[in-house]
Amino acid sequence: MSKNKMIFGFHAVTSRLRHEASSVEEIFVDVGRNDRRMTDLVANAKSLGVRVMPVDSVRLDKIVGTHRHQGVIAFAQQISLARNLDELLDAIEGPPLLLVLDGITDPHNLGACLRVADGAGAHAVIVPKDRAVGLNATAAKVASGAAENVPYITVTNLARTLRDLKDRDIWLIGTSDDGEKNLYQSDFTGPTALVMGSEGEGMRRLTRETCDMLVSIPMFGTVESLNVSVASGVCLYEARRQRLVKEG
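Each value, and the rule that gives it
Residues numbered from 1 in each chain as written. Predicted model: local features only at pLDDT ≥ 70, side-chain atom pairs only at ≥ 80, totals over all residues. Heavy atoms only, no water. Helix = DSSP H or I, 4+ residues; strand = E, 2+ residues; numbered from the N terminus. Buried < 20%, exposed > 50% of the residue type's maximum accessible area, 1.4 Å probe, protein only. Contact = heavy atoms within 4.5 Å. Pairing = 2+ DSSP bridges. Axes fitted to C-alpha atoms, helices over the stretch in contact; angles between N-to-C directions. Salt bridge = Lys/Arg side-chain N within 4 Å of Asp/Glu carboxyl O. Phe/Tyr/Trp six-rings, centres within 6.5 Å; stacked < 30°, edge-to-face > 60°. Polar contact = N/O pair within 3.5 Å; in protein donor to acceptor, adjacent residues only side chain to side chain.

Participant: Which residues make up the side chain of Ser-198, and what values go with them?
Facilitator: Locating Ser-198 in the fold gives a position in the loop between strand S10 (192–196) and helix H8 (205–210). Since its relative accessible area comes to 14%, Ser-198 is described here as buried. Excluding anything up to four places from it in sequence, Ser-198 contacts Asp-102, Gly-103, Ile-104 and Met-203.

Given below as structure tokens:
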């Protein structure tokens, strides 16, 4: 069991069953939950040949380390969506839309970024191996199934990867309060990688210097900045809006 990935929460488990049921080894469910949502999930799992183990909520809490599991935990084999960046880029039809996260350390923010990346149709999320939280069970739960659908690519050297993207004529657009243009003055219709900085420090110096352009998100209220997942959503959906308009 320890060699498998732990997934918890209804959205994450249901998504894995929908897309890669054969990878699910077993599911633990709260024996005290008999509502329609749980009944449907259990019936679906059993129809797919997945073993379901009813246990009490205390055991579920101990397995996850938190009570925020919604009464369902799955152990599944790791699956590979597209871990190789070159392979992924070669398969994309039309201009790529990528989200690059430089050093996100909060799993809730990472999960939310994956969720908006999936919703906006980003082709991949790219993250550095070091100084980042990694795609753990909490991030997967917050992603509400997006972790099973959006290619999540971890790279050893982010600056080198960004240069490789530039060599493929992918425009690197970073976000910063002092960007030369604002979000709505910028063109996202071509091959684009949106680069977002970490929650507290923003982009690292080398990441910032590698970007082709920096853009700001207009702020009209009293707060000075947005959470990284919210900012990612705002930027990705503006990129998607521009592309839809261009397509007519």
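We are not done yet, so read on.
Participant: Pulling in residues and values, what's your account of the sheet that holds strand S4 (residues 72–76)?
Facilitator: Pairing is mixed across the open sheet formed by four strands, whose spatial order is S1-S4-S2-S3. Pairing within the sheet leaves two strands with one partner each, and these edge strands are strand S1 (5–8) and strand S3 (51–55). This sheet shows a mean twist of 20° between the axes of neighbouring strands, independent of strand direction. The pairing of S1 with S4 spans four bridges and is antiparallel. In the sheet register, Ile-7 faces S4, and the bridge partner there is Ala-74. Contacts between helix H1 (residues 10–20) and the sheet are confined to S1, strand S2 (24–30) and S4, with S1 contributing the most and set at about 120° to the helix. Its contacts with the sheet place helix H2 (residues 36–47) against S2, S3 and S4, and it is angled at close to 155° to S2.

Participant: Account for the sheet that holds S10, naming residues and giving values.
Facilitator: On the basis of which strands lie adjacent, the open sheet formed by seven strands has the order S7-S6-S5-S10-S8-S11-S9 and parallel pairing. Each edge of the open sheet is held by one strand with a lone partner, namely strand S7 (152–155) and strand S9 (181–182). Alignment of strand S8 (residues 171–175) against strand S11 (residues 213–216), held across three bridges, turns out to be parallel. Directly across from Gly-174, in S11, lies its bridge partner Leu-214. Against the sheet, helix H7 (residues 158–167) makes contact with strand S5 (97–101), strand S6 (124–128), S7, S8 and S10, and its axis sits at roughly 145° relative to S6, the strand it touches most. Contacts from helix H9 (residues 228–247) reach S5, S8 and S10, with the element oriented near 165° to S5.

Participant: Can you tell me about the pairing of S5, naming the residues and giving the values?
Facilitator: Each regular strand shows side chains that alternate between the opposite faces of the sheet. Within S5, five of the five residues are buried, which leaves it mostly tucked inside the rest of the structure. Summarising the sheet, S5 and S10 pair through five bridges and their orientation is parallel. By the bridge assignment, Leu-101 is partnered in S10 with Met-196. As paired elements, S5 and S6 share three bridges and run parallel to each other. Paired with Leu-99 across the two strands is Val-125, which belongs to S6.

Participant: Run through the pattern of salt bridges, naming residues and quoting values.
Facilitator: Counted by the stated rule, this structure contains nine salt bridges. Note that Asp-102 is salt-bridged to Arg-204, the shortest N-O span being 2.7 Å. With Asp-102 in the loop between S5 and helix H5 (107–120) and Arg-204 in the loop between S10 and H8, this pair connects stretches of sequence that are 102 residues apart. When its relative accessible area of 27% is taken as the criterion, Arg-204 is described as partly exposed.

Participant: Can you tell me about the packing of aromatic side chains, naming the residues and giving the values?
Facilitator: If you walk through the whole model with that rule in mind, you get one aromatic pair. A ring pair is formed by Phe-28 and Phe-75, whose centres lie 6.0 Å apart and whose planes are at 85°; its orientation type is edge-to-face. Of this pair, Phe-28 sits in strand S2 while Phe-75 is found in strand S4, placing the two residues 47 residues apart along the sequence. The class of Phe-28 is buried, set by a relative accessible area of 3%.

Participant: So what's going on with the environment of Asp-86? Which residues, and what values?
Facilitator: Its location among the elements puts Asp-86 in helix H4 (residues 85–91). Relative accessible area serves as the criterion here: at 45%, Asp-86 is assigned to the partly exposed category. Placed 90 residues apart in sequence, Asp-86 and Ser-176 show a C-alpha to C-alpha distance of 28 Å. There is a polar contact of 3.5 Å between the side chain of Asp-86 and the side chain of Arg-168.

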